[in-house]
Amino acid sequence: MTADFPRDRRPSDLNQDLSSGYDPEKESEKSVDRDTEDQRRPFERDRDRILYSREFRRLKDVTQVARAGESYLYHDRLTHSLKVAQVGRRLAELLGEFYEAEFENLENYLDPEVVETASLAHDIGHPPFGHEIEGLLDDKVREKSSEDEEEENCEDTDGDGRDGEERGTNGDQNSVELEESEMQGFEGNAQSFRAVTRLGSHRSGIEGIDLTRATLNAIQKYPWSRAADANTDEDTDDKWGYYPSEEGYFDFARAGTADNRNKVLEAEIMDYADDLTYAIHDVEDFYRSGLLPFDQLLREAGELRNQLPDDFGEDDDIEQHTDLLRSYAESYDMKIHDFGQYIDDDTDVDASIEDVLSFFVELRDFATVVEEFYTPYEGTQSERNLLNEFSSSMISWYLEATEDDPNDREYVELGEHDSDGNPTLDVDPELRQEIEILKQLTFYYVISNPTLRGQQRGQIQVIDELFELLYDEAAPNSVDTSAILEPYRERLSNTDEDDDPARARIVADMISNMTETQAVEMYERMSGARPGSLQDTIMRQ
């Protein structure tokens, strides 16, 4: 960041309404007189605001993989976010310590507090029941937004008072031309950004939680719009970071950033911590529950290890033996071979069957993989201790947390990614490949489980019908006598009567701010399946 666009500036510091767009020239002329009575640094205040927000609290009843509340052993979005924050902060501290002398003014790019806050907030907008509902809400919002497509070119379609012709400063208006409905939709990361900038509560007269520029930038795992995503050949899995209605906030967050496409360093660390954390704790969760046969995979890896030459040591190259491993695993119809085949044929992971087999053979020799892991988990005290030790050592390995000399670091380092020499996170491709293999274990053995698929089918039906019920109730001309609760009733009353995109967006806001229990109870009430109590408002908190 430059002096004109300081990292600790907040939207409330500006004399401009970011919901109507962002003017960088006005900011560069402004001098902010800050309140110095608070002993916390601005980034520490950001962290505390997220922790105290309703949007963060609701994550305890939102699915990570298994349905929230199904078992206290399974991670929900809240416990996942807390672990991402811990891992992200520790990695930021490690890198800051190791590279302080190498990068001038590293504190302008890397603050552990910012990484922790972004990690806490990264899932804050995700809807009930997981990723399947993201796709459903995306379809719903686009469908409703397309109903007045012919009129919206000159009308306010974002519910923020802006004309459809106005755009911000990030250049998305020059990308592939999309219909307004196609620019809308729903995406969990974009909803998280909307939650902290527009929907959350902090102080009267201020939109959202009013986080600093650094934190808003660090939340951006995908720093582009849907329109910009459609204009690139990059494989982004159709991910994007903000809606048109939050473009002013996005431009504010990115002001002073050297490259408008790359994630900043703090976002890269948060993203890596996210992948690493759920890769390991999902394996831990579902090995405990018996859904993931981690014990059998390790036993089979031991059999493969026995096929290697007697003098094979840890410094030897296993790649020269991968044909042997694959042939043996295929001949004996091993689960580890079937999983490797799935990786090779049915995923985008850049890994072959041989890579999968080699990974498990090497994992078999990992110091904390002990004999107790070769049998199904039974919950003994010894097993619990050993599993915790294994998880801790794996995370340490993928952070290189045991290194005490920056010159010894080989796999997780800081490098430079632009002409200005700004630091970026460099992770060895082999480490990323291993993390992806661990993540795919959960997809293969748990997410594709017919029981979970059956649950998801029912969850999709609940949210599908709930969206339609709420959308019908959200007609602006009758909202005062509808089942819509505050603050959504007030927001709907401020939209134009025929503004279907704004109406659809507010209904999506309502659903994505529910816990899973609230979503089911609201559906049951509005469908007549279970009316509930007159005194139970379900959502008013």
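Just so it is clear, the structure is predicted and the values come from calculations on it, not from any experiment.

A.B. asks: In this structure, what is going on with the packing of aromatic side chains? I would like to understand it.
C.D. replies: The geometry of an aromatic ring pair comes down to the distance between the two centres and the angle between the two planes. Applying the stated criterion across every chain, the model contains 21 aromatic pairs. Aromatic pair Phe-359 and Phe-360: ring centres 5.3 Å apart, planes at 70 degrees, arrangement edge-to-face. The exposure class of Phe-360 is buried, given its relative accessible area of 0%. Taken together, the aromatic side chains of Phe-339, Tyr-342, Phe-359, Phe-360, Tyr-444 and Tyr-445 make up a single cluster linked through ring pairs.

A.B. asks: Even after reading the chapter, I still don't get the pattern of salt bridges, so can you show me in this structure?
C.D. replies: A side chain of one charge can pair with a side chain of the opposite charge if their charged atoms are brought near each other. Across all of its chains, the model carries 41 salt bridges by this definition. The salt bridge partner of Glu-132 is Arg-453, with a shortest N-O separation of 3.4 Å. Note that Glu-132 is positioned in helix α6 (residues 131-145) and Arg-453 in helix α19 (residues 450-473), a separation of 321 residues in sequence. Assessed through its relative accessible area of 35%, Glu-132 is described here as partly exposed. Of the charged contacts, one joins Lys-221 and Asp-274 as a salt bridge, the two residues approaching to 3.0 Å between their closest N and O atoms. With a gap of 53 residues between them, Lys-221 in the loop between α9 (213-219) and α10 (226-230) and Asp-274 in helix α12 (residues 265-289) connect regions that are remote in the sequence. The exposure classification of Lys-221 matches that of Asp-274, with both residues buried. Counted as one network, the salt bridges with shared partners bring together Asp-38, Arg-40, Arg-45, Arg-47, Asp-48, Arg-89, Arg-90, Glu-93, Glu-113 and Glu-116.

A.B. asks: What am I meant to see in a negative patch on the surface here?
C.D. replies: A surface patch of like charges, here negative, comprises Asp-317, Glu-319, Glu-362 and Glu-430. Position of Glu-319 relative to the elements: it lies in the loop between α13 (294-306) and α14 (322-331). Among the residues examined, Glu-319 registers a relative accessible area of 59% and is labelled exposed.

A.B. asks: For this particular structure, what's the right way to read unusual backbone geometry?
C.D. replies: Glycine aside, residues mostly have negative phi angles, and peptide bonds mostly take the trans form. The residue after Glu-486, namely Pro-487, is reached through a cis peptide bond having omega 5 degrees. Within the element layout of this structure, Pro-487 appears in the loop between α19 and α20 (488-493). In this structure, Asn-105 takes a positive phi of about 55 degrees despite not being glycine. As for its position among the elements, Asn-105 is in the loop between α4 (77-99) and α5 (112-121). For Asn-105, a relative accessible area of 38% translates into the label partly exposed. The residue Glu-400 is not glycine, and still its phi comes out positive at about 55 degrees. By the secondary structure assignment, Glu-400 is in the loop between α17 (381-399) and β1 (412-416).

A.B. asks: What am I meant to see in α6 here?
C.D. replies: In an α-helix, one turn spans 3.6 residues, which is why side chains three or four residues apart end up on the same side. Its 15 residues give α6 an end-to-end C-alpha distance of 21 Å, which sits within 8% of 21 Å, the value for a rise of 1.5 Å per residue. Burial in α6 covers these residues: Ile-133, Glu-134, Leu-136, Leu-137, Asp-138, Lys-140, Val-141, Lys-144 and Ser-145.

A.B. asks: Sorry, what's going on with the pairing of strand β2 (residues 423-427) here?
C.D. replies: Remark: a regular strand shows side chains that alternate across the two faces of the sheet. Most of β2 sits inside the fold, with four of its five residues counted as buried. Both β1 and β2 contribute to a ladder of five bridges, which runs antiparallel. If you follow Glu-413 over to β2, its bridge partner there is Asp-426.

A.B. asks: Can you help me understand the side chain of Gln-440 in this one?
C.D. replies: Residue placement: Gln-440 occurs in helix α18 (residues 429-447). With relative accessibility at 11%, the residue Gln-440 sits in the buried group. Excluding its chain neighbours within four sequence positions, the residues that come into contact with Gln-440 are Phe-339, Tyr-342, Ile-343, Thr-347 and Val-349.

Scoring rules and cut-offs
Residues numbered from 1 in each chain as written. Predicted model: local features only at pLDDT ≥ 70, side-chain atom pairs only at ≥ 80, totals over all residues. Heavy atoms only, no water. Phe/Tyr/Trp six-rings, centres within 6.5 Å; stacked < 30°, edge-to-face > 60°. Buried < 20%, exposed > 50% of the residue type's maximum accessible area, 1.4 Å probe, protein only. Salt bridge = Lys/Arg side-chain N within 4 Å of Asp/Glu carboxyl O. Helix = DSSP H or I, 4+ residues; strand = E, 2+ residues; numbered from the N terminus. Patch = residues over 30% accessible without salt bridge, like charges linked within 9 Å, V, L, I, M, F, W, Y side chains within 5 Å. Areas by Shrake-Rupley, 256 points an atom, 1.4 Å probe, with all protein chains shown as cover. Lys, Arg positive; Asp, Glu negative; His and termini not counted. Charge placed at Lys NZ, Arg CZ, Asp CG, Glu CD. Expected span 1.5 Å × (residues − 1). Pairing = 2+ DSSP bridges. Contact = heavy atoms within 4.5 Å.

Everything listed here is a matter of coordinates, which is why it stays silent on function.
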